Amino acid sequence: MMEDHNQQQVDQHLLVENDSGEAIDAVHFLIICNIQKRNNVNTLIRNAFAFKFVPIIVGMPKLGEQQSCLHFERLEECKAYLQERNVPIVGIEIMAESASILTDPFTSSIALMPGNEGAGLNDRQKSACDSFLYIPQYGNGTASLNVAVATTICLQRYSLWRG
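Keep in mind that this is a model prediction, so the values were computed, not measured.

A. Examining helix α1 (residues 38-50) more closely. With 13 residues, α1 should cover 18 Å at 1.5 Å per step; its first-to-last C-alpha distance of 18 Å lies within 8% of that length. If you check which residues of α1 are buried, you get N40, V41, N42, T43, L44, I45, N47 and A48. Packing partners of the buried residues in α1 comprise β3 (28-33), β4 (54-58), β8 (110-114) and α4 (147-162). The first or second residue beyond α1 is K52, which carries a positive phi of 60°.

As structure tokens, this is what we get:
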């Protein structure tokens, strides 16, 4: 059941407007940038809403089903928007400086950004991030998880952490 954003406490949450001018209660964002497959984009959007994250679409044409998302042409505009609101960008990427998701390396406000299906986060995306996290994987046979699966695990883990 959807919550009525007008009834929520404004002093506890960040209020933003989507492209339709509707108020969105948000301190949790999912940045969708450099994702190639439309199916993955649509899954990420649905799963973001399921975990009360606001999807931010960067550099992709606006699609009808994404009207409740925020849109930016360039990642730098998105970063500036989030910096103005003190929301850190956390990249989802397997690399040496990444914190394990099992350690709950979260802050009260967050913008998660997954990498591309094949190449992960590009250099521009990495430079936009304030920190990184990864999902520990056990066993052999898989270099990484599908972007929508990995991101949804992060959304769910963050939701458990915030309570």
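B. Expanded view of the packing of aromatic side chains. Applying the stated criterion across every chain yields a total of five aromatic pairs. The interplanar angle of 55° and the centroid separation of 5.2 Å between the aromatic rings of F72 and Y81 together place this pair among those described as tilted. The class for Y81 is buried, based on a relative accessible area of 13%. Between F106 and Y158, the ring centres sit 5.1 Å apart and the planes meet at 90°, which makes this aromatic pair edge-to-face. Residue F106 is located in the loop between β7 (99-100) and β8, and its partner Y158 is located in helix α4; the two are separated by 52 residues in the primary sequence. Considered together, F106 and Y158 belong to a single accessibility category, that of buried residues. Here the aromatic residues F53, F106, Y158 and W161 are joined through ring pairs into a cluster of three or more. In this arrangement the basic side chain of R85 is found over the ring face of Y81, its NZ or CZ atom lying 3.6 Å from the centre.

C. Up close: the nonpolar core. Ranked by size, the top nonpolar core spans 24 residues in total, and within it L30, I32, F53, I110, L112, L133 and C154 carry the most contacts. Looking at this core, the element that brings in the most residues is α4, giving six residues. In this structure C154 touches I92, I101, L112, L133 and I135, once residues within four positions along its chain are discounted.

D. Representation of unusual backbone geometry. The backbone phi angle of N34 is positive, close to 65°, even though this residue is not glycine. The residue N34 is located in the loop between β3 and α1 in this model. N34 gets classed as partly exposed once you look at its relative accessible area, which sits at 31%. The phi dihedral of K52 falls on the positive side, at around 60°, and the residue is not glycine. Within the secondary structure, K52 sits in the loop between α1 and β4.

E. Expanded view of the packing of α1 against α4. It is the contact of α1 with α4, at a shortest axis distance of 9 Å, that shows an interaxial angle of 10°. One way to sum up the angle between α1 and α4 is to call them roughly parallel. Between α1, through N40, T43, L44, N47 and A48, and α4, the contact on the second element is made entirely by V147, A148, T151, T152 and L155. Looking at the contact of α1 with α4 residue by residue, the class counts come to five nonpolar, five polar and no charged.

F. Highlighting a nonpolar patch on the surface. A cluster of nonpolar residues, L145, V149 and I153, forms a patch on the protein surface that exposes about 210 Å² of accessible area. According to the relative accessible area criterion, L145 is partly exposed, its value standing at 33%.

G. Summary view of the environment of P105. Along the chain, P105 falls in the loop between β7 and β8. With relative accessibility at 27%, the residue P105 sits in the partly exposed group. Residues P105 and S131, 26 residues apart in the sequence, show an inter-C-alpha distance of 9.2 Å.

Rules and cut-offs
- Residues numbered from 1 in each chain as written.
- Predicted model: local features only at pLDDT ≥ 70, side-chain atom pairs only at ≥ 80, totals over all residues.
- Heavy atoms only, no water.
- Helix = DSSP H or I, 4+ residues; strand = E, 2+ residues; numbered from the N terminus.
- Expected span 1.5 Å × (residues − 1).
- Buried < 20%, exposed > 50% of the residue type's maximum accessible area, 1.4 Å probe, protein only.
- Contact = heavy atoms within 4.5 Å.
- Phe/Tyr/Trp six-rings, centres within 6.5 Å; stacked < 30°, edge-to-face > 60°.
- Lys NZ or Arg CZ within 6 Å of the ring centre and 35° of its normal.
- Core = buried A, V, L, I, M, F, W, Y, C linked by side-chain atoms within 4.5 Å.
- Axes fitted to C-alpha atoms, helices over the stretch in contact; angles between N-to-C directions.
- Parallel < 35°, antiparallel > 145°, perpendicular 65-115°, else oblique.
- Nonpolar A, V, L, I, M, F, W, Y, C, P; charged D, E, K, R; others polar.
- Patch = residues over 30% accessible without salt bridge, like charges linked within 9 Å, V, L, I, M, F, W, Y side chains within 5 Å.
- Areas by Shrake-Rupley, 256 points an atom, 1.4 Å probe, with all protein chains shown as cover.
- Salt bridge = Lys/Arg side-chain N within 4 Å of Asp/Glu carboxyl O.

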